[in-house]
Amino acid sequence: MSDQPVLHMKGRVLVGPEDIRDELWVIDGRISYDRPVDARDIRGVEGWALPGLVDAHCHVGLGTHGPVDKDTAETQALTDRDAGTLVLRDAGSPSDTRWIDDREDLPKIIRAGKHIARTRRYIRDFAHEIEPDELVAYVAQEAQRGDGWVKLVGDWIDRDLGDLSACWPREAVEAAIAEAHRLGARVTAHCFAEDALRDLVEAGIDCIEHATGLTEDLIPLFASRGVAIVPTLVNIATFPHLAAGGETKYPTWSAHMLRLYDRRYDTVRAAYDAGVPVYVGTDAGGSLAHGLVAAEVAELVTAGIPAVEALSATAWGARRWLGRPGLEEGAPADFVVYDTDPRADVRVLASPRRVVLNGLVVE
């Protein structure tokens, strides 16, 4: 045993939705359910413990105008950590954030490399902007640079059409997704609208971000293929503002964005009811603040997802999906402590009592 104090967590430990224990011990940064026999320096924490939360769609190192400096990226990561979010799936960033992996006081990041977008079909300075004949090569590059994920921009506004439209032909995404899978990476895609979704799912994609374009005929396809969605409802809340800004120049696009916004809760609930896996993501970075996981969980509940399932989408289920351990014996001691039972009221997630990361109390 090292000189690091032993932490004794007492109260209710939510190992799973129904697997509740009265205590755990943190020894050398790892979880144990056996009381240490020779511990001298024991510190206590009390309350309701959940595995460290997951934001399955955020961007560390990204600001409104592209990459940000190291200090800003650190602030983004610390903001998430202090909100209890200890696993971040970085869904595309132009910054090199590998230095975060050496910091025990910062969340664990699962990177998807840099966005891959069609030329002039995404936000400037965010992505590789390429043409379809280059897609396989760029997917291979980002698959090897990331942590098991690649991020495509599946649709964006086509200024000639004046509306959202798919960015890639079917044969290009089929070849690109096959190459990512060959290299052991999963593929996700930004999609607001309807028309890109069928090709992406039938081409073998693993996840769709936002997924506001899901329709009754597409939802069974998602469910049968096991394609997950990360709705980012706190981001979709900005659609009316975006639509108002583009109404004069792109009225068709503006009206489309408002329709997607108006049906957002129905879309998410219908996907959940059909068995489509749903996970919590905020789209933090770019123009949206970090630390919004609690708000996103509350949005899922508003959409009609039961509270325990909404919790799982940022805790137990999300960690399984991303291949990260929870509160099992021997796992890294990454957990969040609350005053009351988060299953009874998910709003408690906004006020963590303590955050424990790598066995150390950091908040």
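Residues numbered from 1 in each chain as written. Predicted model: local features only at pLDDT ≥ 70, side-chain atom pairs only at ≥ 80, totals over all residues. Heavy atoms only, no water.

A.B. asks: Sorry if this is basic, but what is going on with the packing of helix α7 (residues 239-246) against helix α8 (residues 251-262) here?
C.D. replies: A pair of packed helices can be characterised by two numbers: the angle between their axes and the separation between those axes. As a packed pair, α7 and α8 sit with axes 8 Å apart at the nearest point and diverge in direction by 170°. One way to sum up the angle between α7 and α8 is to call them roughly antiparallel. Like other packed secondary-structure pairs, α7 and α8 cross with a definite hand, here left-handed. Of α8, the residues touching α7 (which contributes Phe239, Pro240, Leu242, Ala243, Ala244 and Gly246) are Pro251, Trp253, Ser254, Met257, Leu258, Leu260 and Tyr261. Among the residues forming the contact of α7 with α8, the class breakdown is 11 nonpolar, two polar and no charged. (Axes fitted to C-alpha atoms, helices over the stretch in contact; angles between N-to-C directions. Helix = DSSP H or I, 4+ residues; strand = E, 2+ residues; numbered from the N terminus. Parallel < 35°, antiparallel > 145°, perpendicular 65-115°, else oblique. Left-handed = near helix turned anticlockwise from the far one by under 90°. Contact = heavy atoms within 4.5 Å. Nonpolar A, V, L, I, M, F, W, Y, C, P; charged D, E, K, R; others polar.)

A.B. asks: Would you mind showing me how to read the packing of helix α2 (residues 135-145) against helix α3 (residues 170-182) here?
C.D. replies: Two numbers describe how α2 lies on α3: the axes approach to 9 Å, and their chain directions differ by 25°. Relative to α3, the element α2 is oriented roughly parallel. The handedness of the crossing between α2 and α3 comes out as right-handed. Residues Leu135, Val136, Val139 and Ala140 of α2 form the contact with α3, whose participating residues are Ala172, Val173, Ala175, Ala176, Glu179 and Ala180. Grouping the amino acids of the contact of α2 with α3 by side-chain chemistry returns nine nonpolar, no polar and one charged.

A.B. asks: It is not clear to me how the packing of aromatic side chains should be interpreted in this structure. Could you clarify?
C.D. replies: Two aromatic rings are characterised by how far apart their centres lie and by the angle between their planes. Summed over the entire model, instances satisfying the criterion amount to six aromatic pairs. Taken together, a centroid distance of 6.2 Å and an interplanar angle of 75° make the contact between Tyr122 and Phe126 edge-to-face. For the pair Tyr122 and Phe126, a shared accessibility class is recorded, and that class is buried. Chaining the aromatic ring pairs together yields one cluster made of Tyr122, Phe126, Trp156, Phe192 and Phe239. The cationic tip of Arg21 hangs over the ring face of Tyr33; the distance from NZ or CZ to the ring centre is 4.3 Å. Arg264 extends its terminal NZ or CZ atom over the ring of Tyr265, reaching a point 4.2 Å from the ring centre. (Phe/Tyr/Trp six-rings, centres within 6.5 Å; stacked < 30°, edge-to-face > 60°. Buried < 20%, exposed > 50% of the residue type's maximum accessible area, 1.4 Å probe, protein only. Lys NZ or Arg CZ within 6 Å of the ring centre and 35° of its normal.)

A.B. asks: Explanation requested: the sheet that holds strand β2 (residues 20-27) in the structure shown.
C.D. replies: Within a sheet, neighbouring strands are paired by backbone hydrogen bonds and run either parallel or antiparallel to one another. Overall, mixed pairing links the seven strands, which are arranged β3-β2-β1-β4-β18-β19-β20 in an open sheet. With partners counted over all chains shown, the strands left at the sheet margins are β3 (30-32) and β20 (360-361), one partner each. One ladder, built from two bridges, connects strand β19 (residues 354-357) with β20; its direction is antiparallel. By the bridge assignment, Leu357 is partnered in β20 with Leu360. (Pairing = 2+ DSSP bridges.)

A.B. asks: Looking at this structure, I do not really get the confidence of the model for the protein chain. What am I missing?
C.D. replies: Atomic detail in the predicted coordinates should be set aside for any region of low pLDDT. Residues of the protein chain with pLDDT of at least 70 account for 99%, and the chain-wide mean is 96. Put simply, strand β4 (residues 42-51) is where the protein chain has its lowest mean pLDDT, 93, and strand β17 (residues 228-230) is where it has its highest, 99. (pLDDT = per-residue confidence, 0-100.)

A.B. asks: What is the right way to look at the state of the cysteines in this model?
C.D. replies: Note on terminology: a disulfide is the covalent bond linking the sulfur atoms of two cysteines. Here the structure, examined in full by the defined rule, presents zero disulfides. Cysteine Cys191 remains unbridged, with the sulfur of Cys167 as its closest cysteine sulfur at 8.2 Å. Given a relative accessible area of 0%, Cys191 falls into the buried group. (Disulfide = S-S within 2.5 Å.)

A.B. asks: Where do I start with the pairing of strand β13 (residues 155-158) in this structure?
C.D. replies: Every regular strand shows the same layout, with side chains that alternate between the two sheet faces. Looking at chain direction, β13 and strand β14 (residues 163-166) are connected through four bridges and run antiparallel. By the bridge assignment, Asp158 is partnered in β14 with Asp163. The antiparallel hairpin formed by β13 and β14 contains four residues in its connecting segment, where Gly162 sits at a positive phi of about 75°.

A.B. asks: Could you clarify how one ought to interpret the sheet that holds strand β9 (residues 108-111) in this entry?
C.D. replies: Taking strand neighbours across the sheet as the criterion, the three strands line up as β5-β8-β9 in an open arrangement whose pairing is parallel. Strands with a single pairing partner mark the edges of an open sheet, and in this sheet they are β5 (53-58) and β9. Direction aside, neighbouring strands of the sheet carry axes that sit 20° apart on average. Relative to β9, strand β8 (residues 85-90) runs parallel, the two sharing four bridges. Paired with Leu88 across the bridge in β9 is Ile109.

A.B. asks: Mind showing me how you'd approach α7 here?
C.D. replies: The set of residues buried in α7 consists of Phe239, Ala243 and Gly246. Down the axis of α7, the buried set is contained in an arc of 70°. They therefore lie on one face. Every exposed residue of α7 that faces more than 90 degrees away from the buried side is listed here: His241, Ala244 and Gly245. Its buried side turned inward, α7 meets α6 (233-236) and α8. (Arc of directions from axis to C-beta.)

A.B. asks: Would you mind going over the nonpolar core with me for this structure?
C.D. replies: In summary, soluble globular proteins display a tendency toward joint burial of nonpolar side chains. In terms of nonpolar packing, the biggest core is built from 79 residues, with Leu135, Ile205, Ile208, Leu214, Phe222 and Leu300 touching the most fellow members. Looking at this core element by element, the count peaks at five residues for α3. When residues no more than four places from it in sequence are discounted, the contact partners of Leu300 are Pro231, Leu233, Val268, Val278, Val280, Ile305, Ala310 and Ala313. Counting 15 residues, the second-largest nonpolar core is a separate cluster that includes Met9, Val13, Tyr33 and Ala333. (Core = buried A, V, L, I, M, F, W, Y, C linked by side-chain atoms within 4.5 Å.)

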